[in-house]
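Topology and contacts: notes
The lines below spell out each chain.
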Amino acid sequence: MTATTSPTYIGTRLARKEDPRLITGEGTFTDDVMLQGMAYMTLVRSPHAHARILRIDTAAAKKEPGVVAVLTGTELEATGMLPVFITVPGMNGSKHMPIATDKARYAGDAVAAVVAESRDAAKRAADLIAVDYEPLPVVVDGTKALEPGAPIVHEELSSNLVFTYPVKGGDIDKAFKDAEVTVTQRIVNQRLIPNAMEPRAVTAKFEAGELTLWTSTQIPHFVQLIVALNLGLGQNRVRVIAPEVGGGFGSKLQVYAEELLVGHLSKTLGRPVKWTEERREGYLATIHGRDLVENVEIAAKKDGTILGLRIRTVANLGAYLQAFAPGIPTILHAFIIPGPYKIPAFDVEVRGVYTNTTPVDAYRGAGRPEATFAMERIMDRLADEIGMDPAEVRRKNFIPPDAFPFNTISGITYDSGDYEPALDRALAMADYKGFEKRRAEAKARGNYRGIGLSTYVEICGLAPSKANSALGVGWGGYESARIRVHATGSVQVFTGTSPHGQGHETSWSQIAADALGVSPNDIEVRHGDTFESPGMGVGTFGSRSLAVGGIAVHKAAEKVREKVVQIAAHLLEASPADIVVENGKVFVRGVPEKAKNFGDISMAAYLANNLPDGMEPGLEATVYYDPPNFTFPFGTHIAEVEIDGETGSVRIVKYSACDDCGRQINPMIVDGQLHGGIVQGIGQALYEGAVYDDNGQLLSGSMMEYHVPSAEDVPSIDLDHTVTLTNTNPLGVKGIGEAGTIGSTPAVVNAVIDALSPLGIKHIDMPLTPEKLWRAIRAAGEGRR
Amino acid sequence: MPDAHAVTFTVNGTTYTREIQPTLLLVEYLRETLGLTGTHVGCDTSQCGACTVRVDGLATKACTMLAVQADGAQVVTVEGLAKNGALHPIQRAFAKEHGLQCGFCTPGLMITAVDFLERNASPSDAEIRHAIEGNLCRCTGYHNIVNAIRTASAEMRQSTAAQPKVAAEVKG
Amino acid sequence: MITHPFTYQTPATIEEAVQQLGRNGEAKVIAGGHSLLPLIKLGLSQPEALIDLRKIASLREIRTEPDGAIVVGALATHRTITHDQTVRAKLAALAEAAGEVGDLQVRARGTIGGSLAHADPAADEPAPTLAYDAIIRAIGPKGRRDIPARDYFKGVFETALAANEIIAEIRFPAPAGRTGGAYAKFAHPASGFAVTGVAAVITLAADGTVERAAIAVTGAAAAAYRATQAEKALTGTKGDAKAIADASAKAADGITALADLAASAEYRKNLVTVYAKRAIQRAVERAKG
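Sequence order as written defines residue numbering, which begins from 1 separately in each chain. Written order decides the labels, with chains lettered from A and ligands numbered from 1. A pLDDT threshold of at least 70 governs which residues receive local features in this predicted model, and a stricter bar of 80 or more applies before side-chain atom pairs are shown or counted, although totals over entire chains, interfaces and linings include all residues.

Glancing now at the overall build of chain A. Each helix and strand in chain A was counted, giving 20 helices and 29 strands. For a compact globule of 785 residues, the expected C-alpha radius of gyration is about 28 Å, and chain A comes in at 27 Å, within 12% of that figure. Along the three orthogonal principal directions, the C-alpha set of chain A runs to about 90 × 70 × 50 Å. Remark: residues whose backbone-derived C-beta atoms lie within 7 Å of one another are considered to be in contact. Within chain A, counting contacts between residues at least 6 apart in sequence, those at least 24 apart form 81% of the total. By definition, any uninterrupted DSSP run of H or I lasting at least four residues is a helix, any uninterrupted run of E lasting at least two residues is a strand, and each is numbered from the N terminus. The atom set for the radius of gyration is the C-alpha atoms, and the globule formula is 2.2 Å times the number of residues raised to the power 0.38.

This brings us to the overall build of chain B. Scanning chain B from terminus to terminus reveals 5 helices and 5 strands. Taken from the N to the C terminus, the helices and strands of chain B come in the order β-β-α-β-β-β-α-α-α-α. Taken along the three principal axes of its C-alpha coordinates, chain B extends 50 × 35 × 35 Å. In chain B, which comprises 172 residues, the proportion classed as buried is 65%. Long-range contacts, defined here as pairs at least 24 residues apart, represent 62% of the contacts in chain B between residues at least 6 apart. Residues with at least 20 other C-beta atoms within 10 Å of their own are called buried, those with 12 or fewer are called exposed, and the rest are partly exposed. The C-beta atoms themselves are positioned from the backbone.

Taken together, the contacts link 30 residues of chain C with 30 residues of chain B. Every element with two or more residues in the side of chain C that touches chain B is listed here: strand E1 (7–9), helix H2 (36–41), strand E3 (49–52), helix H3 (78–83), helix H5 (92–100), helix H6 (104–109) and strand E11 (179–187) of chain C. It is H6 of chain C that provides the largest number of residues to the side of chain C that touches chain B, a total of 5 residues. Gly is put with the polar residues, along with every residue not named as nonpolar or charged; the nonpolar set is Ala, Val, Leu, Ile, Met, Phe, Trp, Tyr, Cys and Pro, and the charged set is Asp, Glu, Lys and Arg. Residues belonging to the side of chain C that touches chain B are distributed by class as follows: 13 nonpolar, 8 polar and 9 charged.

Residues and elements named next belong to chain A. For two strands to count as paired, DSSP must find a minimum of two bridges between them. Taken in spatial order, the 4 strands line up as E19-E27-E28-E29 in an open sheet, and their pairing is mixed. With partners counted over all chains shown, the strands left at the sheet margins are strand E19 (448–457) and strand E29 (718–721), one partner each. Taking each pair of neighbouring strands and ignoring which way they run, the sheet shows an average axis angle of 15 degrees. Pairing of strand E27 (residues 634–643) with strand E28 (residues 650–660) involves 10 bridges; the strand directions are antiparallel. Bridging across to E28, Ile638 finds its partner in Ser656. Each axis is a line fitted through C-alpha atoms, and for a helix only the stretch in contact is used; angles between axes span 0 to 180 degrees, taken between their N-to-C directions.

With that settled, the discussion passes to the interface of chain A and chain B. Bring the parts together and some accessible area is lost; that lost area is often taken as the interface size. If you look at the interface, chain A gives 42 residues, while chain B gives 44 residues. Sorting the residues of the side of chain A that touches chain B by element identifies helix H1 (19–22), helix H8 (279–285) and helix H18 (667–687) of chain A as the ones contributing at least two each. For the side of chain A that touches chain B, the leading source of residues is H18 of chain A, giving 6 residues.

As a further point, take the nonpolar core. One broad rule of soluble globular proteins: the nonpolar side chains tend to lie buried together. Core membership is restricted to buried Ala, Val, Leu, Ile, Met, Phe, Trp, Tyr and Cys residues, and these are joined into a nonpolar core through C-beta atoms within 7 Å. Judged by nonpolar contacts, the single largest core of 425 residues is most densely connected at Val114 and Ala512 of chain A together with Val198, Ala200 and Ile215 of chain C. Considering each element in turn, this core owes the most residues, 13 residues, to helix H16 (residues 545–572) of chain A.

All right, on to the confidence of the model for chain B then. All names here are of chain B. The pLDDT score gives, residue by residue, the confidence of the prediction method on a 0 to 100 scale. Averaged over all residues, the pLDDT of chain B equals 92, while 92% of them reach at least 70. Taken as a whole, residues 162–172 scores under 50 in pLDDT and shows 21 contacts with residues more than four places along the chain or in a different chain. With a pTM of 0.97, the predicted complex shows an ipTM of 0.96.

The subject of this paragraph is the pairing of strand E23 (residues 579–582) of chain A. Residue and element names in this part refer to chain A. Along E23, the buried face is formed by Ile579 and Val581; none of Val580 and Glu582, which line the opposite face, is buried. Examined bridge by bridge, E23 and strand E24 (residues 585–588) share 4 bridges and lie antiparallel to one another. Paired with Glu582 across the strands is Lys585, a residue of E24. Adjacent in sequence and paired antiparallel, E23 and E24 are bridged by 2 residues, among which Asn583 carries a positive phi angle near 50 degrees.

All names here are of chain A. Packing of helix H6 (residues 220–231) against helix H7 (residues 257–269) leaves a shortest axis separation of 10 Å and a crossing angle of 50 degrees. Classified by the interaxial angle, the pair formed by H6 and H7 is oblique. Where H6 crosses over H7, the handedness of that crossing is right-handed. The residues of H7 that touch H6, namely those facing Val223, Val227, Asn230 and Leu231, are Glu259, Leu260, Gly263, His264 and Lys267. We call two directions roughly parallel when the angle between them is under 35 degrees, roughly antiparallel when it is over 145, roughly perpendicular when it lies between 65 and 115, and oblique otherwise. Helix crossings are classified by the rotation of the near helix relative to the far one: an anticlockwise turn of less than a right angle makes the crossing left-handed, while a clockwise turn makes it right-handed.

Right, let's get into helix H5 (residues 143–159) of chain B. Because an α-helix completes one turn every 3.6 residues, residues spaced three or four positions apart along the sequence face the same direction. Between its terminal C-alpha atoms H5 of chain B stretches 25 Å, which fits the 24 Å expected from 17 residues at 1.5 Å a residue. Residues of H5 of chain B that are buried: His143, Asn144, Ile145, Val146, Asn147, Ala148, Ile149, Ala152, Ser153 and Met156 of chain B. As for H5 of chain B, its buried residues are in contact with H18 of chain A together with helix H2 (89–96), helix H3 (106–119) and helix H4 (125–131) of chain B. Each helix should span, by expectation, one fewer than its residue count multiplied by 1.5 Å.

As a further point, take the sheet that holds strand E5 (residues 70–73) of chain C. All names here are of chain C. Judged by pairing direction, the sheet is antiparallel, and its 5 strands sit side by side in the order E4-E5-E10-E6-E7 without closing on themselves. Because the sheet does not close on itself, it has two edges, and the strands there are strand E4 (62–64) and strand E7 (143–148). Neighbour-to-neighbour, the strand axes of the sheet open up by a mean angle of 25 degrees, direction not taken into account.

What follows is about the packing of helix H10 (residues 368–386) of chain A against helix H11 (residues 390–397) of chain A. All names here are of chain A. The geometry of H10 relative to H11 is characterised by a closest axis approach of 9 Å and an angle of 110 degrees between their N-to-C directions. One element, H10, and the other, H11, form an angle in the roughly perpendicular class. In the crossing of H10 with H11, the sense of the turn from one axis to the other is right-handed. Side by side, H10 and H11 meet where Met379, Asp380, Leu382 and Ala383 of the first sit next to Pro390, Val393 and Arg394 of the second. Taken together, the residues of the contact of H10 with H11 sort by class into 5 nonpolar, no polar and 2 charged.

Take Tyr165 of chain A: it is sitting in strand E7 (residues 161–169). Other than its neighbours up to four places away in sequence, Tyr165 of chain A contacts Val88, Thr330, Ala334, Glu349 and Val350 of chain A.

Our next topic: unusual backbone geometry. Residue and element names in this part refer to chain A. The peptide bond linking Phe404 to Pro405 adopts the cis configuration, its omega dihedral lying at -5 degrees. Position of Pro405 among the secondary structure elements: in the loop between H11 and strand E17 (406–407). The amide bond that connects Met766 to the next residue, Pro767, takes the cis arrangement and shows omega of -10 degrees. Tracing the chain through its elements places Pro767 in the loop between helix H19 (739–756) and helix H20 (770–784).

What follows concerns the environment of Pro141 of chain C. Its place among the elements puts Pro141 of chain C in the loop between strand E6 (135–140) and E7. Leave out the neighbours within four places in its chain, and Pro141 of chain C touches Val18, Gly22 and Asn164 of chain C.

All right, on to the environment of Gly352 of chain A then. Residues and elements named next belong to chain A. Mapping Gly352 onto the fold places it in strand E15 (residues 345–353). Given 27 C-beta atoms within 10 Å, Gly352 falls into the buried group. The spatial distance from the C-alpha of Gly352 to the C-alpha of Leu572 is 65 Å, given a sequence separation of 220 residues. Discounting chain neighbours no more than four positions away, the residues touching Gly352 are Val162, Phe163, Ala315, Leu317, Pro326 and Pro329.

Okay, structure coming up:
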């Protein structure tokens, strides 16, 4: 930190400023916005996964009492296409309209919109819309979609292949030629449904030529940009507000059809319109995550030294490309596969594929959990193959602490790292050494007990604009902040980030408070309103908010502070170098009686009658911060599980993690992010998975079938931390939003496989449901008989 | 349309009489008729618990109850937890223990917890986890929610020391 | 949201409710609503009239008859049942099953009468109802009809209850002296319904041998059933580990097991045997006292 060597508020477990309104029911979520004269939109969605739309008869719906408007795709040219923000080389993009015109390409594709005076009138009218479909052959599986003769999702393209994305380094042929041992594993990273607890919702009103659109989003500025461009409105006429947002996890990192439709309908009807997703509708119409099939091959020496890694991946992207979809299995996945390990040769090729399924995009971790899972599973497979302790195989291949900044074989540069201390602490927390005794005790109970670990490096920040551009990301990776000190000394921070549970109001207050020498209580952080924030905010995703947006706040606060110092020096007739700003006071070092209140300085800035020569009046600063690099947090997660020998049910009996996210602004929030992330990762390992039948019908179509973990399913979590600062930014912060999800899935799966390894079981695909484990146990038993 | 029914019940201490359609769900009545939007709708299959309110003291999923069924009942929503400006111990505990992140599930969780704690003043962590199995949270991983409910139980025990403990729910 | 309209009535007596049921074409009786309202919300049930029993207070009661029978009113909620001291002492399998229904909130509203009338094959309370040889007392236009539990469950959402009848109460005969009951459940991970639930009610003779074994299974087949082969195998044994294991192995004999995303038929049959064993073990321990 530049000015304050020992921060007062950074690093403290400050109670969240968000909480008072959320625990009293006063927070306003998008569906809570009730406007006079509001009409309600409902969408008619295709029941078929792939079908030509022959005819849509809306006559009966239009006659239904209370119906305001009915709209089909062919009547809707005004909204334009849905955006894709990332283009990878050779990508076959496709047309993606808010309402399908020619074909429905997945079950849930919108084919008509109804607006009515009430929600139920809209729904009743929607039921009266008759659509003639010609069902077409369906392809659900990514690998099958690449086979000759597969149904083509977008007929204007010659195949379902979206792209082939290679990342290579070193001599992979030599690595496998020199290998003393090779291991191959096919790994399925199953499709997940994000399940933010708040379903999506959009509310809009159009008054005096200005569209105000409330939406449950992680990226209000991108929504503003696309709505303005697509609806032909000036960007200055489109105000997008992300009020309270009830979780996102990537599922709200989109510009969705419903945002364009509600905006368009509100504008053309001249009245407020609202759409609120129902949960089962969301299962179809909100993006899914993951869905990769990877063939992973590792070449190594018998002592555990990795020589090379070869991976072939098929990424099922669903029926259309969503905003960030092309970047997830490529940029965010392929580059980070090496994790904390020195890998001399690397050869990854990812093929993206269209299928007749709900589009796939970012889900917590977005590419990095998949990468870490592949790497950490193959590390355990390697350890098993050579009879080495999994912890020691990892340790042997760690990038040493003196090697940073480290250029990975995949072509990125890690900022900082010290991987062994985190590993050692986690091993101690987990009583790794004492495990075999517990395995034996479980065996006596007829159960199988296992311990599994994962050591990960993740990529945060989503950051340098030039690097983003080189990678095909169609927008800069900066973030904005504006700090306004009012005449009375009260402080407002406007941030381009758009939190939905991450507590930015609290953390940004802590950052600004330390720079300005005031209490966080005197600082108000405002976000999620494109008419309040600096011109552009990129938003909250990819664990980028602190390392980019938080730094923007810090830099803006430093700018304000510098002006405070200049004014104070002028008023106190001292050298700026001698001015101290702390505890709401500004004084001359060593002469505390020679002081002004912070509010005296801000008042002076606006009275403007006694300022240093040439100084502008006012006290505010705006910063667009574009970092020089990504950041690379890391850690070790260890899960211990016990499997019921009769049913295959898994219980996580202990969970330990030691994570390093650089400097922590608010350790309470850091731990909360980890807890939630870890449980989401456990969900993938054990419980969650979207299931389609061959006709493209989503069988796991509601919370009745799709298992979102409940409190009874998951353990309490033991956390510890190491702190390795980064030089990438002045606060030394890295990011923690997704680390839990990245670390936990492979730790849990490795633990389960470890438990079953005495039976000769090497791998089982997720989710590790009781029945799968029971079958594996039984098959292993039969094999032995 | 069938006839509307005149329905009278008390919400957070205020008695309301409204003519409503029998198809109106209690959660719709609270949110849209009364404007009490602190109670949320997170699913349509009675799984998530975001809509939980107390009906005659019992934690109830307001998405799975008709408003007409609440005729004559005492309903408490998140807006009614604080009394005379003083937060309920469960509210203070959720904030203290960082038991919420996005806050969407929080009202329902707190309501369930209060009903539970009034009947089981000294629960184990396992009992707490069982009690909130019908309230899904995607942000917190439940760790701090369990801590918050335990913290609240201690405070509630002190403030209601005279109240007898009712048997905890059996667990099969 | 409910888009299909219906009328709504709150009869004061069960006889009045039966009359209203007869008068309305597509009428449905509603108790706690936790079986019916989800179906109505999904549009899977579209009644024209709802007849709400909530004003018939007598149906909420749990009482003990002079002959020792425990009578549970149809409107008794799962939560009331699981906390009821008499039920806990005498009908432990019922108390445990009621405590395993759904979640805290569902148990607060859902009723045993609703559960039995709806007859979801994965509902919990059919198992103890069968295992205790309960009598389902229904009221129809012609008056009262007692349906033994064994004759009641017919199939998926199918029962012996006629369309014009309403369940008034469920009568559990007084269990004999050394009787222990237990309910063991493998819950569906998402919905909370029983993938398999087994109620075991074991009565021991003076010499400690199993005099009567009642083992009822829910969740595994189209309707809850009594595992008669397992009961026969257990009766007359000492109720030791081997006897229990042998009997449990027969608990899924002859059934056509359900299959869904959560469990195949084969796996369900395994769960039946495992959970039968666990329920019987606990029931025997309790019978021993």
